[in-house]
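Per-entry structural report
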Amino acid sequence: MTEPTEKTHRLFVACELPEDVRHTVGGLVESLREQSDGAVRWVNPSNLHVTLKFLGEVPERQIPAVKMALQEAVVRHSAFFLELANIGTFGGREGLRVMWAAVAGDVLRLEALARDVNRALSVVGFERETRPFRPHLTLGRVRNEVGTRQRAELEVAVGKIEIPECEWRTTEISLVRSRLHPDGARHDTVATFPLRAPPPQS
């Protein structure tokens, strides 16, 4: 008799964005879309977030332990402010591959939070992230069939886009499930973990 396949969920940990910030960044994506001529798969503004750690396919039975680890990770952290910075790109051998918006503001506090998330999850079986933490909002990915010349032209166009002023307060982290569909990923929040409120000003 065949053993039933254990149910898994594709999960990541993130700082999600307020609706007004998603709207602002969505306008930035539209500006980029107008210059991409269908060459880029753009992220739906509702899916914009700052990833703290990607967990991959997680067995359903392990989710309670993940939640306990994240609750432990936020204990020492209070709310902080972030803001949009410049547009950046990741490249490959063919040229431009991913477009993203850099995140500035209280980045040291964001980095400390990411370290504690990483540390807490390592206790329940997830490998620690060894790559440097680079906080950003992924905006779009260039389609595989796009040629090198068009990638180069896109990269030049991206560099000319004006970044809107945009600041927001991060008050919690989220455990998010990603469901892959032909028209792009769909995200839903599994649980949120509020950051500790700062002490009152004297």
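Below, the structure is looked at part by part. (Residues numbered from 1 in each chain as written. Predicted model: local features only at pLDDT ≥ 70, side-chain atom pairs only at ≥ 80, totals over all residues. Heavy atoms only, no water.)

A few words on the overall build of the protein. If you tally the helices and strands in the protein, you get four helices and nine strands. Element order for the protein, N to C, with α for helix and β for strand: β-α-β-β-α-β-β-α-β-α-β-β-β. The principal-axis extents of the C-alpha atoms in the protein amount to approximately 70 × 45 × 30 Å. Relative to its 202 residues, the protein shows a buried fraction of 42%. Put simply, 78% of the contacts in the protein that link residues at least 6 apart link residues at least 24 apart. With an accessible surface of roughly 11,900 Å², the protein has 49% of that area assigned to carbon and sulfur atoms. Here the protein holds 27 positive side-chain charges and 27 negative ones, and the gap between their average locations is 4 Å. (Helix = DSSP H or I, 4+ residues; strand = E, 2+ residues; numbered from the N terminus. Buried < 20%, exposed > 50% of the residue type's maximum accessible area, 1.4 Å probe, protein only. Contact = heavy atoms within 4.5 Å. Areas by Shrake-Rupley, 256 points an atom, 1.4 Å probe, with all protein chains shown as cover. Lys, Arg positive; Asp, Glu negative; His and termini not counted. Charge placed at Lys NZ, Arg CZ, Asp CG, Glu CD.)

Once that is clear, we can look at the state of the cysteines. Disulfide: a covalent bond connecting the sulfur atoms of a pair of cysteines. All told, the structure shown has zero disulfides when counted by the stated rule. Just so you know, C15 is unpaired, no disulfide at all, and the nearest cysteine sulfur is the one on C166, 15 Å from it. (Disulfide = S-S within 2.5 Å.)

Turning next to the nonpolar core. Residues L139 and I173 are the most contacted members of the largest nonpolar core, which totals 53 residues. Beyond its immediate stretch of four places on either side in the chain, L139 contacts V25, L28, V29, L32, R41, W42, V43, L48, I87, M99, W100 and A101. (Core = buried A, V, L, I, M, F, W, Y, C linked by side-chain atoms within 4.5 Å.)

With that out of the way, let us pick up the pattern of salt bridges. Counted by the stated rule, this structure contains 12 salt bridges. A salt bridge links R177 to D188; the shortest N-O distance between them is 2.7 Å. Highlighted residues: R177 in strand β8 (residues 172-181) and D188 in strand β9 (residues 184-194), separated in sequence by 11 residues. D188 sits in the partly exposed class, given a relative accessible area of 23%. By sharing partners, the salt bridges in this structure join E16, E19 and R22 into a single network. (Salt bridge = Lys/Arg side-chain N within 4 Å of Asp/Glu carboxyl O.)

Taking 1.5 Å of rise per residue, 17 residues should cover 24 Å, and helix α3 (residues 107-123) covers 25 Å from first to last C-alpha, within 8% of that figure. In the stretch just after α3, G125 is the one whose phi turns positive, near 105°. (Expected span 1.5 Å × (residues − 1).)

Moving on, we come to the packing of aromatic side chains. Applying the stated rule across the entire model yields one aromatic pair. A ring pair is formed by F90 and W100, whose centres lie 5.1 Å apart and whose planes are at 35°; its orientation type is tilted. Here F90 is found in strand β4 (residues 80-92), whereas its partner W100 is found in strand β5 (residues 95-105), with 10 residues between them in sequence. Classification of W100 as buried rests on a relative accessible area of 9%. (Phe/Tyr/Trp six-rings, centres within 6.5 Å; stacked < 30°, edge-to-face > 60°.)

To continue, consider the side chain of N118. In this structure, N118 sits in helix α3. In terms of polar contacts, N118 uses its side chain to reach the backbone amide nitrogen of E129, at 3.1 Å. Excluding its chain neighbours within four sequence positions, the residues that come into contact with N118 are K53, E127, R128 and E129. (Polar contact = N/O pair within 3.5 Å; in protein donor to acceptor, adjacent residues only side chain to side chain.)

By the secondary structure assignment, Q62 is in the loop between β3 (49-59) and α2 (63-73). Q62 gets classed as buried once you look at its relative accessible area, which sits at 19%. In sequence terms Q62 and A191 are 129 residues apart; their C-alpha atoms lie 14 Å from each other.

Turning to helix α4 (residues 148-158), a few remarks are in order. Those residues of α4 lying buried are R151, L154, A157 and V158. Viewed along the axis of α4, the buried residues span an arc of 120°, placing them on a single side of the element. (Arc of directions from axis to C-beta.)

The contact between helix α1 (residues 19-36) and α4 brings their axes to 10 Å, and the two run at 145°. The way α1 lies across α4 gives a crossing that is right-handed. Where α1 abuts α4, its residues L32, Q35 and S36 lie against Q150, L154, A157 and V158. Residues of the contact of α1 with α4, tallied by class, amount to four nonpolar, three polar and no charged. (Axes fitted to C-alpha atoms, helices over the stretch in contact; angles between N-to-C directions. Left-handed = near helix turned anticlockwise from the far one by under 90°. Nonpolar A, V, L, I, M, F, W, Y, C, P; charged D, E, K, R; others polar.)

Bear in mind that shape data such as this cannot, by itself, settle questions of function.
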